[in-house]
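# Topology and contacts: notes
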Amino acid sequence: MKKNFVIYIAGRFVSNIGDAVQVIGFPLLLFDLFGSAKVMGLAVSLIMITQIIIRPFFGVIADNLNRKNIMVNIDYISGFMCLFMSFLAYKSFLNLPIILVYLVIQSFTSTLFDTASRAMMPELIEKENYERAYSIMSLSNNISFLLGPVIGTIIYSFMGIKI
């Protein structure tokens, strides 16, 4: 496998862990803030519905723009949004509408990142290595989606968010 493929898989792995940490962290935060499983369900539903609706449109975008630039810029945007949400939490400005808007925007960014990164895969590997490369990517995804919620739960359990 090429060096670029290894960098690509490592980048996806880190990004997927971040997404998976948020998938568990924000519902825990919502439950702590509002004490309601309904609010948690609303948040998770918004994330899922957003991803289902926008994924086909983002496929067109990923096919027509520079995928590497999409991925890098999306990670910058996601990082900025996380810092902004941290600032709002620190200043005790978090409320349900802000959190839900954040989750929808984050759903947009992670879906665009995922779509662009999947579309980039054939550019990084030779046709004879497709099966092996997709197996490695699948393994990496599965590990990150297993580790992310564990990491998120541990971080939230020990640190939480004081508002």
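Source: prediction; values computed, not measured.

### Things to note about the packing of aromatic side chains
For the coordinates displayed, the defined rule picks out five aromatic pairs. Judged by centre distance (6.4 Å) and plane angle (15°), the ring pair of Phe 80 and Phe 84 falls under stacked. Taken as a pair, Phe 80 and Phe 84 lie in helix H3 (residues 67–90) at a separation of four residues, close to a single helical turn. The class of Phe 84 is partly exposed, set by a relative accessible area of 42%.

### Re the side chain of Asn 16
Of note, Asn 16 is situated in helix H1 (residues 3–34). Contact partners of Asn 16, with chain neighbours within four places excluded, come to Asn 141, Ser 144 and Phe 145.

### Considerations on H3
The periodicity of an α-helix, 3.6 residues per turn, causes residues three or four positions apart to be oriented the same way. Counted at 1.5 Å a residue, the expected span for H3 with its 24 residues is 34 Å, and the 34 Å between its end C-alpha atoms agrees. The set of residues buried in H3 consists of Arg 67, Ile 70, Met 71, Ile 74, Ser 78, Met 81, Met 85, Leu 88 and Ala 89. Lining the buried residues of H3 we find H1, helix H2 (37–64) and helix H4 (96–124). For H3, the capping residue at the N-terminal end is Asn 66, with a side-chain oxygen 3.0 Å from the backbone nitrogen of Lys 68. Following H3 by one or two positions, Ser 92 adopts a phi angle in the positive range, close to 60°.

Criteria and thresholds
Residues numbered from 1 in each chain as written. Predicted model: local features only at pLDDT ≥ 70, side-chain atom pairs only at ≥ 80, totals over all residues. Heavy atoms only, no water. Phe/Tyr/Trp six-rings, centres within 6.5 Å; stacked < 30°, edge-to-face > 60°. Helix = DSSP H or I, 4+ residues; strand = E, 2+ residues; numbered from the N terminus. Buried < 20%, exposed > 50% of the residue type's maximum accessible area, 1.4 Å probe, protein only. Contact = heavy atoms within 4.5 Å. Expected span 1.5 Å × (residues − 1). Polar contact = N/O pair within 3.5 Å; in protein donor to acceptor, adjacent residues only side chain to side chain.

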